[in-house]
Amino acid sequence: MSGLLVLDSVSAGYGPVPVLHGVSLSVETGSITAVVGANGAGKTTLLRTVIGQLKPAAGSIRFDGADLAATKVEDMVRRGIALVPEGRGVITELTVEENLRLGGLWRRDRAAAAALLARMYELFEPLDRRRKAPGHQLSGGERQMLALGRALMAGPRLLLLDEPSLGLAPRITAQILGLLRSLCDDTGLTVLLIEQNVRSALSVADDGVVLNLGSVVAARPAADLAADTDLRHTYLGF
Ligand code: ATP
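Residues numbered from 1 in each chain as written. Predicted model: local features only at pLDDT ≥ 70, side-chain atom pairs only at ≥ 80, totals over all residues. Heavy atoms only, no water.

With that settled, the discussion passes to the overall build of the protein chain. Secondary structure assignment for the protein chain yields 10 helices and 10 strands. Scaling as 2.2 N^0.38, a compact globule of 238 residues should have a C-alpha radius of gyration of about 18 Å, and the protein chain matches this with 17 Å. Taken along the three principal axes of its C-alpha coordinates, the protein chain extends 45 × 40 × 35 Å. Across the 238 residues of the protein chain, 50% fall into the buried class. Summed over all atoms, the accessible surface of the protein chain reaches about 10800 Å², with 51% contributed by carbon and sulfur. Treating the 25 positive side-chain charges of the protein chain as one cloud and the 25 negative ones as another, the clouds have centres 5 Å apart. (Helix = DSSP H or I, 4+ residues; strand = E, 2+ residues; numbered from the N terminus. Rg over C-alpha atoms; globule rule 2.2 N^0.38 Å. Buried < 20%, exposed > 50% of the residue type's maximum accessible area, 1.4 Å probe, protein only. Areas by Shrake-Rupley, 256 points an atom, 1.4 Å probe, with all protein chains shown as cover. Lys, Arg positive; Asp, Glu negative; His and termini not counted. Charge placed at Lys NZ, Arg CZ, Asp CG, Glu CD.)

Set out below in structure tokens:
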């Protein structure tokens, strides 16, 4: 497999409790890959393993051809990988602008960070109007945009997203997924998306991976998965 992110037969879990069993998948540059599956299928565990919070018991994870095994979580962002965790990870005591600046803190190039900040306000207009507002005053949709903006401030090549639609109205979910699609198409950003909202995820993704009890049961173009009635009924509940 030749994707930007390639997992080969990865097994991982929590201490002696195995969760992922020999997971292989490939995420192509500039694409959105959606990982879907029932509660407890191992989707979050998969992201934690990619980002290095959990070490694989077996198998390998390669990013842009290089093994990620020795990379520490805190070095992932320098390698070009950013995570937007479930629950969003916005620091609610800080303002919108402070949260965004935090995302770009590790950059030495101040001019590039300033340009990126301006770009975030263009992308996420509601945030532009609320630059000085503390995180706790934001709506759910604004917080999700801020979490996304903060991750993008690091200039990642690969963005990992855990349940971006959680708690959001369908209209806001569609807006955020649409933004992700444009970012991939316009900038070559690559996205690995975990979603409970399977229909929305498959409608915006290029590829889909179905996880069940920690194993991949299907990996195909997202449109194919969405059209597969048997698979949808068996694993995705719609
Ligand atoms: P959900 O959508 O409910 O978050 P998921 O597909 O993301 O589901 P995971 O959160 O990865 O699934 O959980 C997979 C399995 O790992 C579950 O059986 C869960 O109980 C177990 N698990 C998750 N976190 C831990 C932990 N910290 N310690 C032990 N077991 C865990």
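Right, let's talk about a nonpolar patch on the surface for a bit. A surface patch of nonpolar side chains, amounting to about 250 Å² of accessible area, comprises Ile91, Leu102 and Leu105. Within the element layout of this structure, Leu105 appears in the loop between α3 (96-103) and α4 (110-123). Look at Leu105 and you get exposed, because its relative accessible area is 60%. (Patch = residues over 30% accessible without salt bridge, like charges linked within 9 Å, V, L, I, M, F, W, Y side chains within 5 Å. Salt bridge = Lys/Arg side-chain N within 4 Å of Asp/Glu carboxyl O.)

Residues in close proximity to the ligand total 13 residues, the closest being Gly40, Lys43, Thr44, Thr45 and Gln196. The side chain of Tyr14 places a nitrogen or oxygen atom 3.4 Å from a nitrogen atom of the ligand. Within the backbone of Thr44, a nitrogen or oxygen atom sits 2.8 Å from an oxygen atom of the ligand. Protein burial of the ligand: of its 630 Å² of free accessible surface, 58% is covered by the chains. Top element by residues in the shell around the ligand is helix α1 (residues 43-51). It accounts for four residues. Class assignment for the residues of the shell around the ligand results in four nonpolar, six polar and three charged. (Near = heavy atom within 4 Å. Polar contact = N/O pair within 3.5 Å; in protein donor to acceptor, adjacent residues only side chain to side chain. Nonpolar A, V, L, I, M, F, W, Y, C, P; charged D, E, K, R; others polar.)

Bringing the confidence of the model for the protein chain into the picture now. Per-chain confidence: the protein chain averages 93 in pLDDT, with 100% of residues scoring 70 or above. ipTM for the predicted complex: 0.96, alongside a pTM of 0.94. (pLDDT = per-residue confidence, 0-100.)

This paragraph deals with the side chain of Glu163. Position of Glu163 among the secondary structure elements: in the loop between β7 (158-162) and α7 (170-187). The buried charged residue Glu163 lacks any salt bridge, with Lys43 as its nearest oppositely charged partner at 4.9 Å. Here Gln196 takes part through its backbone nitrogen, which lies 3.0 Å from a polar atom of the side chain of Glu163. Setting aside residues up to four positions removed in sequence, Glu163 forms contacts with Lys43, Glu86, Gln144, Ile194, Glu195 and Gln196. (Contact = heavy atoms within 4.5 Å.)

Spatially, six strands are ordered β6-β7-β8-β3-β9-β10 in an open sheet, and the strand pairing comes out mixed. Looking at which strands have only one partner, the edges of the open sheet turn out to be β6 (81-84) and β10 (215-221). Across the sheet, the mean angle from the axis of one strand to that of its neighbour is 15°, orientation sign disregarded. Helix α6 (residues 140-152) contacts β6 and β7 of the sheet and is inclined by roughly 165° relative to β6. (Pairing = 2+ DSSP bridges. Axes fitted to C-alpha atoms, helices over the stretch in contact; angles between N-to-C directions.)

This chain's UniProt record puts "domain: ABC transporter" (unreviewed entry) on residues 5-238. Each end of residues 5-238 is marked by a C-alpha atom, and these two atoms are 29 Å apart; helix forms 39% of the span and strand 26%. (UniProt positions renumbered as here; feature names shortened; annotations may be inferred.)

Of note in the backbone geometry, Ser9 takes a positive phi value of approximately 50° without being a glycine. Mapped onto the elements, Ser9 comes out in strand β1 (residues 5-14). Overall, Ser9 belongs to the partly exposed group, its relative accessible area being 37%. Even without being a glycine, Leu213 presents a positive backbone phi close to 45°. Looking at the secondary structure, you find Leu213 in the loop between β9 (207-212) and β10.

For helix α10 (residues 229-236), every residue scored as buried is listed here: Leu231, Arg232 and Leu236. Viewed along the axis of α10, the buried residues span an arc of 100°, placing them on a single side of the element. Opposite the buried face of α10, by more than 90 degrees, sit the exposed residues Asp230, His233 and Thr234. As for α10, its buried residues are in contact with β3 (32-36), α8 (198-204), β9, β10 and α9 (222-227). The opening residue of α10, the one whose side-chain oxygen lies 3.3 Å from the backbone nitrogen of Asp230, is Asp228. (Arc of directions from axis to C-beta.)

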